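Observations on the three-dimensional arrangement
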Amino acid sequence: MDSVQALITQIQGLSSSAGDVSRLHSNLKQAEETIFSESARLFSALDQLDPSIHSLGYLYILEACSSGPLTKERAAALVLPISRFINACAVEQIRLAPEKFISVCKRFKDQVMLLEAPMRGVAPLLTAIRKLQTSSEHLTPLHPEFLLLCLLAKCYKTGLSVLHDDISEVDQPRDLFLYCYYGGMICIGQKRFSKALELLHNVVTAPMSTMNAIAVEAYKKYILVSLIHHGQFSTSLPKYTSSVAQRNLKNFCQPYIELANSYGTGKITELQTYVQTNKEKFESDNNLGLVEQVLASMYKRNIQRLTQTYLTLSLEDIANTVQLSSAKEAEMHVLQMIQDGEIYATINQKDGMVRFLEDPEQYKTCEMIEHIDSAIQRIMALSNKLTGMDEQISCDPLYLGKCTGW
């Protein structure tokens, strides 16, 4: 029996019980050189294995087959077997070699990108994340890869499915930076600006010893989304932000800070001139679409300011005050803002007058009480989690040694 068939037979014979799989794991580690050298023949022999039963052996072979230079032909041959393996593999087996499973899944992501078919990778990578995770709070190295594919495939809603989890376990800092950055972009695509700000804020304020490009790009988008969502931006960063970010971020993002300053004046023509002057810069950063949303939001902010001063105002006066081209355009803006809950008003079509109203929410409906209760419960759970983590760190010998100088 040659080495390839011997290995296949061994995988088939040692995949039934936990003890057998453990023995197989040891044998596969010792046979890695053979697996890589015989990867082409082993790939042809994969049809003798069941990925749901022989998951560990299947994983070792797939890792060897997917290593090396990546070509379209190679990618086309591997995408389907890897996708099927991810869906079928046994969790308890692949977790014995998580680094290999991560490697195969990352190569799978590269393959679907090379084939210009990111959609093919979205569902399998979501399955891979759930199989690799030890809990919903665990951020795996596959999270950023999955979110990137969601962005490229414009599957924003699918990407949101992993952004609702409260993350407290992170393997590598870079994974957290990319997870929050890509997650922020997905939320922007869905116009969930509040969640986008939360995620981008996490990138900007995360601990860092040197300046990194992800934080710089996140800060640019953070400024733009702050203007769109809140109508203002403060350059002051929280005290817990790293000193590196405090000192350097603004230097890398000066055009965006100047944009925020121009926005703060409320003068639409000045803002339009500034955007036009710096259009190439915003375009090269792939932020021109967001900048255009910032421009559009200024009309809304100026209309909102009017609600603080007037009880009634004609559509003609609104158009003139906020520099819209006509009363009809002003009416469209006001109607859209009413629909989005950004202002409370009624329009008298007969005389073209707008009447501004108070917020009708009394905060005493069943739905609102349930929403508030849910938020309180989440905050309490996070508080308990933080207390537990604090106690765990305070008992860590390495932490104590550093604090006391032992």
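Residues numbered from 1 in each chain as written. Predicted model: local features only at pLDDT ≥ 70, side-chain atom pairs only at ≥ 80, totals over all residues. Heavy atoms only, no water.

**Some remarks on the sheet that holds strand 5 (residues 353-356)**
Pairing is antiparallel in the open sheet, where three strands are placed in the order 3-5-4. Of all the strands in the sheet, just strand 3 (312-314) and strand 4 (345-348) have a single pairing partner and so form its edges. For this sheet the average axis-to-axis angle between neighbouring strands, irrespective of direction, equals 20°. Pairing of strand 4 with strand 5 involves four bridges; the strand directions are antiparallel. Paired with Ala345 across the bridge in strand 5 is Phe356. (Pairing = 2+ DSSP bridges. Helix = DSSP H or I, 4+ residues; strand = E, 2+ residues; numbered from the N terminus. Axes fitted to C-alpha atoms, helices over the stretch in contact; angles between N-to-C directions.)

**Focus: the pattern of salt bridges**
By the definition in use, this model includes 17 salt bridges. Measuring nitrogen to oxygen at the nearest pair gives 3.0 Å for the salt bridge that ties Glu145 to Lys109. Separated by 36 residues along the polypeptide, Glu145 in helix 10 (residues 142-153) and Lys109 in helix 8 (residues 98-114) bring together distant segments of the chain. Lys109 sits in the buried class, given a relative accessible area of 11%. Taking the shortest distance from any N to any O, the salt bridge between Lys328 and Glu331 comes out at 3.8 Å. Residue Lys328 and its partner Glu331 are both found in helix 21 (residues 327-339); the two are separated by three residues, about one turn of the helix. Taken together, the salt bridges that share partners define one network made up of Glu217, Lys220, Lys281 and Asp285. (Salt bridge = Lys/Arg side-chain N within 4 Å of Asp/Glu carboxyl O. Buried < 20%, exposed > 50% of the residue type's maximum accessible area, 1.4 Å probe, protein only.)

**A look at the packing of aromatic side chains**
In the structure shown here, the tally under the stated rule is seven aromatic pairs. Ring centres 6.0 Å apart and planes at 65° place the aromatic pair Tyr219 and Phe233 in the edge-to-face group. Note that Tyr219 is positioned in helix 14 (residues 213-230) and Phe233 in the loop between helix 14 and helix 15 (243-252), a separation of 14 residues in sequence. A single burial state applies to Tyr219 and to Phe233, both of which are buried. Three or more aromatic residues joined by ring pairs form one cluster here, namely Tyr58, Phe85 and Phe101. (Phe/Tyr/Trp six-rings, centres within 6.5 Å; stacked < 30°, edge-to-face > 60°.)

**Description of the packing of helix 5 (residues 55-66) against helix 6 (residues 72-88)**
Interaxial distance between helix 5 and helix 6 falls to 11 Å at its minimum, and their mutual angle equals 160°. Between helix 5 and helix 6, the angle is such that the two are roughly antiparallel. Viewed along their axes, helix 5 and helix 6 form a crossing whose handedness is left-handed. In contact with Ser55, Tyr58, Leu59, Leu62, Ala64, Cys65 and Ser66 of helix 5, helix 6 contributes Arg74, Leu78, Pro81, Ile82 and Phe85. Split by residue class, the contact of helix 5 with helix 6 holds nine nonpolar, two polar and one charged. (Parallel < 35°, antiparallel > 145°, perpendicular 65-115°, else oblique. Left-handed = near helix turned anticlockwise from the far one by under 90°. Contact = heavy atoms within 4.5 Å. Nonpolar A, V, L, I, M, F, W, Y, C, P; charged D, E, K, R; others polar.)

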